[in-house]
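Analysis of the macromolecular model
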Amino acid sequence: MQSHFPVVIVGGGQAGLSVSYCLQQRGIDNIIFEKYKIAHSWRTKRWDSFCLVTPNWQCTLPGHHYTGDDTQGFMQRDDIVRYVEDYAKSFGPCIKEGVSVQNIRHHETRNVFEVVTSIGTYTADQVVVATGGYHNPKIPRMAERLPKGIVQLHSSEYKNSQSLPEGSVMVIGTGQSGCQIAEDLHLSGRKVHLCVGGAPRSPREYRGKAVVDWLDQMGYYDIPIDEHPQKETVRTKTNHYVTGRGGGREIDLRQFALEGMRLHGRLNTIENNQFIFKADLKENLDYADSVSESIKRTIDEYIEKAQVDAPVETAYKPVWEPAQVASDLKLETDKISTVIWSTGYDTDFSWIEVPAFDGKGYPGHERGVSTVEGLYFIGLPWLYTWGSARFSGIARDATYLADCIALKSKILPRRSIKSVNEMALGS
């Protein structure tokens with residue numbers, strides 16, 4: 001078996017496949033190591049009714065754009081899996097599924113990367129890490145204070161309301177997953193409590209057009225991170241909540257409250273079998289609305305400046321207001337049987353023993369090119385633009401990295417290829 005490759009790619013999702021495709025187009029030999037199966041996260045870490053929040057026309061993997069007849073629709077989970085699988089079939093990458101990468105080291109004297117996998121050790125001139133930035137589900141330690149009879153799961157483990165025990169469900173966190181899971185439970189008839197944080201929301205339609213169409217027309221998706229008003233801090237910001245469900249619509253938590261969903265402020269602590277919340281529900285709802293309205297104002301400014309003929313809409317008015325006091329919730333009284341923690345992920349690059357990370361373990365890079373020559377990253381949120389961790393921006397990033405790899409490949413000495421049995425690493 002070949003044990004040395006010009007390029008090793010770690011991760012066989014859409015990001016890793018995109019880099020492999022672009023390298024193949026440039027005649028550069030590469031191999032992908034995928035710990036599970038192609039499209040694993042889409043297949044196993046999404047709930048049954050999951051769908052994209054970005055429209056199908058933004059699915060533009062390099063050499064594999066969406067070709068269906070519902071460009072303004074939103075692919076559901078199983079369709080997304082097929083889209084990624086079909087992409088791999090379209091160009092036949094060299095990929096090893098079910099192979100985990102346990103360690104990466106860089107030998108400076110030999111100018112080679114050593115990649116230790118579950119099927120043996122490989123070497124590479126260059127390495128692309130395409131594992132994204134969502135690695136370990138994050139659940140706060142206060143979860144340990146809940147009684148053992150309460151079912152607890154991370155949002156990545158939720159499938160459907162039928163799989164949960166009878167009783168009320170507490171969803172903690174209002175990022176995209178938290179809001180959509182709360183909606184899924186609410187529409188199924190479950191009693192839902194939602195712990196509302198400081199996530200922003202986005203309108204879906206405005207002044208006769210989808211908001212994403214306006215933003216695309218305005219060039220927002222082409223803005224590089226170094227020109228973004230928030231610069232690198234935007235990488236850690238929570239995504240705006242919105243949904244592609246039912247053909248796409250915005251999520252207004254106030255409307256859910258009118259329909260019976262119980263909204264609470266941020267979770268402060270858990271004591272004596274009860275949740276204790278902060279008195280910031282109104283503040284958080286108002287903030288989410290203010291972000292949505294600011295997006296509308298930006299579109300208004302563009303319409304006026306470009307003299308676009310677009311219908312005028314009435315201003316948004318809140319349909320529900322909460323009591324501005326702290327509250328608590330007793331598990332037994334309110335019959336809480338399940339807690340879903342929609343509290344995000346931690347990144348984990350500890351398996352890469354290369355000095356390319358900052359004090360928080362985030363890779364130092366510029367457009368995915370790390371501070372260590374020959375090591376690259378792709379698929380991270382705001383790697384370069386808004387779409388870097390989405391289907392819409394991967395082609396730009398993959399093309400750029402493939403060009404960087406090709407340029408470096410021209411000055412690297414040719415190495416003979418040895419078999420795993422012949423190779424004696426460290427000699």
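Residues numbered from 1 in each chain as written. Predicted model: local features only at pLDDT ≥ 70, side-chain atom pairs only at ≥ 80, totals over all residues. Heavy atoms only, no water.

**Digging into the sheet that holds strand 18 (residues 328-330)**
Picture the strands of a sheet paired through backbone hydrogen bonds; they go either parallel or antiparallel. Ordered in space as 16-17-18, the three strands form an open sheet in which the pairing is antiparallel. Both edges of this open sheet fall to strand 16 (267-271) and strand 18, since each of them pairs with a single strand only. The average undirected angle you get between the axes of adjacent strands in this sheet is 20°. As paired elements, strand 16 and strand 17 (residues 274-277) share four bridges and run antiparallel to each other. Paired with Ile270 across the strands is Phe275, a residue of strand 17. (Pairing = 2+ DSSP bridges. Helix = DSSP H or I, 4+ residues; strand = E, 2+ residues; numbered from the N terminus. Axes fitted to C-alpha atoms, helices over the stretch in contact; angles between N-to-C directions.)

**Some remarks on the side chain of Asn284**
Along the chain, Asn284 turns up in helix 7 (residues 281-306). Using a relative accessible area of 4% as the deciding quantity, one classes Asn284 as buried. A polar atom in the side chain of Asn284 sits 3.3 Å from the side chain of Arg266. (Buried < 20%, exposed > 50% of the residue type's maximum accessible area, 1.4 Å probe, protein only. Polar contact = N/O pair within 3.5 Å; in protein donor to acceptor, adjacent residues only side chain to side chain.)

**Details of the nonpolar core**
Within the largest apolar cluster, 85 residues are counted, with the highest numbers of intra-cluster contacts made by Ile104, Val127 and Leu253. Excluding residues that lie within four positions of it along the chain, Leu253 makes contacts with Thr174, Cys179, Leu194, Val196, Tyr241, Leu263 and Leu285. Ranked by size, the runner-up nonpolar core spans 16 residues in total, among them Tyr206, Ala210, Val234 and Ile303. (Core = buried A, V, L, I, M, F, W, Y, C linked by side-chain atoms within 4.5 Å. Contact = heavy atoms within 4.5 Å.)

**What about the packing of helix 1 (residues 14-25) against helix 8 (residues 394-409)?**
Relative to each other, helix 1 and helix 8 sit at 45°, their axes nearing to 8 Å. Of the possible angle classes, the one that applies to helix 1 and helix 8 is oblique. The element helix 1 and its partner helix 8 pack so that their crossing is right-handed. Across the interface between the two elements, Gln14, Ala15, Ser18, Val19, Cys22 and Leu23 from helix 1 touch Ile394, Ala398, Thr399, Ala402 and Ile405 from helix 8. In terms of residue class, the contact of helix 1 with helix 8 is made up of eight nonpolar, three polar and no charged. (Parallel < 35°, antiparallel > 145°, perpendicular 65-115°, else oblique. Left-handed = near helix turned anticlockwise from the far one by under 90°. Nonpolar A, V, L, I, M, F, W, Y, C, P; charged D, E, K, R; others polar.)

**Some points on the sheet that holds strand 10 (residues 151-154)**
With parallel pairing, five strands are arranged side by side in an open sheet as 10-19-11-12-15. The outermost strands of the open sheet, each flanked by one partner alone, are strand 10 and strand 15 (262-264). Between one strand axis and the next, the sheet turns through 20° on average, direction left out of account. Relative to strand 12 (residues 192-195), helix 4 (residues 176-187) is tilted by about 170°, and along the sheet it contacts strand 11 (168-172), strand 12 and strand 19 (336-341).

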